[in-house]
Amino acid sequence: RMKTILDVCCGSRMFWFDKSNQNAVFCDKRKEHHDLIYPSGEFHIDVTPNVLSDFKALPFPSNHFRVVVFDPPHLKKVSVKSWTFKKYGSLGEEWVSLLRGGFSECFRVLAPAGTLIFKWSSIHIQISEVLKLTPVLPLFGHPSGKNGLTHWVTFMKP
């Protein structure tokens with residue numbers, strides 16, 4: 001069965017309804033498990049990609065996937081010991097080149113007229129700054145979350 005969906009930064013697949021969707025390839029540069037115990041309860045984080053890869057250098061042919069999901073880390077600076085880092089990772093100060101390279105790779109592996117779903121949380125970096133890092137204009141998007149800081153943006157490859 002040909003896989004038609006690529007999630008390039010799957011993390012723990014938090015927003016997937018079917019975390020083992022047979023049409024999807026799940027990638028991440030991390031493979032790790034964390035058990036976190038807090039007064040409010042226990043949390044378990046499993047980052048178990050099908051393919052270990054960096055989103056700036058995807059090991060797939062060009063023009064291959066119908067749908068690409070790009071949900072990179074959103075934070076520039078966060079303690080590596082924190083729950084937030086273990087759950088989401090961090091971009092660091094190289095965020096411009098990382099995200100520019102990520103967009104470029106996502107569009108490279110995306111089939112012509114394919115759909116890129118991009119998720120971004122404007123906690124440290126505004127969505128307007130991030131969207132400048134790709135020459136492809138988004139079709140539409142929507143802010144969500146308690147404070148409207150999470151943005152879902154849809155692109156179509158020209």
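Please refer to the structure higher up on the page.
Since we're looking at a predicted model, the values are computed, not measured. Residue indices follow the written sequence of each chain, beginning from 1 at its first position. The predicted nature of this model means local features are confined to residues of pLDDT at least 70 and side-chain atom pairs, given and counted, to a pLDDT of 80 or more, with totals for whole chains, interfaces and linings taken over all residues. As a rule here, side-chain values cover all heavy atoms of the structure and leave hydrogens and water aside.

Visitor: When you look at the overall build of the protein in this model, what are you seeing that I'm missing?
Guide: Secondary structure summary: the protein contains 3 helices and 9 strands in total. The globule rule is 2.2 Å times the number of residues to the power 0.38, and the radius of gyration it is compared with is taken over C-alpha atoms. For the protein, the C-alpha radius of gyration of 15 Å lies close to 15 Å, the compact-globule estimate for 158 residues. The principal-axis extent of the C-alpha atoms belonging to the protein is close to 50 × 35 × 25 Å. Here the protein holds 158 residues, and the buried ones make up 46% of them. Long-range pairs, those at least 24 residues apart, make up 61% of the contacts in the protein with a sequence separation of at least 6. A 1.4 Å probe and the Shrake-Rupley method give the accessible areas. Residues count as covered only by the protein chains that appear here. For the protein, the computed accessible surface area is about 8,800 Å², with 58% contributed by carbon and sulfur atoms. When charges are tallied, Lys and Arg are placed among the positive residues and Asp and Glu among the negative ones, while His and the ends of the chain are skipped. Lysine's charge is taken at NZ, arginine's at CZ, aspartate's at CG and glutamate's at CD. Averaging the coordinates of the 20 positive side-chain charges in the protein and doing the same for the 13 negative ones gives two points 3 Å apart. Helix numbering and strand numbering both begin at the N terminus, where a helix is a DSSP run of H or I of at least 4 residues and a strand a DSSP run of E of at least 2. Relative accessibility under 20% of the residue-type maximum defines a buried residue, over 50% an exposed one, and the middle range a partly exposed one, all with a 1.4 Å probe and only protein chains included. Residues are treated as being in contact if the distance between any of their heavy atoms lies within 4.5 Å.

Visitor: How should the packing of aromatic side chains be read in this particular structure?
Guide: Each aromatic ring pair is specified by the distance between its two centres and by the angle formed by the two planes. Pairing of aromatic side chains requires ring centres within 6.5 Å, counting the rings of Phe and Tyr and the six-membered ring of Trp. Pairs whose planes differ by under 30 degrees are stacked, by over 60 edge-to-face, and all others tilted. Here the structure, examined in full by the defined rule, presents 10 aromatic pairs. Geometrically, the ring pair formed by Phe70 and Phe118 is tilted, given 5.5 Å between the ring centres and 45° between the ring planes. With Phe70 in strand S6 (residues 65–70) and Phe118 in strand S7 (residues 110–121), this residue pair connects regions lying 48 residues apart in the sequence. An aromatic cluster is built from Phe55, Phe70, Phe103, Phe107, Phe118, Trp120 and Phe155, whose rings are joined through pairwise contacts.

Visitor: Which parts of the structure should I look at to understand the side chain of Ser122?
Guide: Considering the arrangement of structural elements, one finds Ser122 in the loop between S7 and helix H3 (127–131). When its relative accessible area of 3% is taken as the criterion, Ser122 is described as buried. Counting of polar contacts relies on pairs of N or O atoms within 3.5 Å, with two restrictions inside protein: one atom must be capable of donating a hydrogen and the other of accepting it, and residues adjacent in sequence are counted only when both atoms are side-chain atoms. A polar contact is formed between the side chain of Ser122 and the backbone nitrogen of Ile127, at a distance of 3.1 Å. A distance of 3.3 Å separates polar atoms of two side chains, one belonging to Ser122 and the other to His151. Not counting the four nearest positions on each side in its chain, Ser122 is found in contact with Ile127, Leu149 and His151.

Visitor: Is there a simple way to think about the environment of Leu110 in this case?
Guide: Looking at the element boundaries, Leu110 is found in strand S7. The class of Leu110 is buried, set by a relative accessible area of 0%. The contacts of Leu110, once residues within four sequence positions are left out, are Asn63, His64, Phe65, Arg66, Val67, Val68, Thr115, Leu116 and Lys157.

Visitor: Could you clarify how one ought to interpret the pattern of salt bridges in this entry?
Guide: Close approach of charged atoms lets side chains of opposite charge pair. Definition used for salt bridges: Asp or Glu carboxyl oxygen within 4 Å of a side-chain nitrogen of Lys or Arg. Under the definition given, this model contains 6 salt bridges. Between Asp71 and Lys119 there is a salt bridge, and its shortest N-O distance comes to 3.6 Å. Note that Asp71 is positioned in the loop between S6 and helix H1 (83–88) and Lys119 in strand S7, a separation of 48 residues in sequence. The shortest N-O distance in the salt bridge between Lys132 and Glu129 comes to 3.0 Å. Look at the salt bridges and you will find they share partners, linking Asp28, Arg30 and Glu32 into a network.

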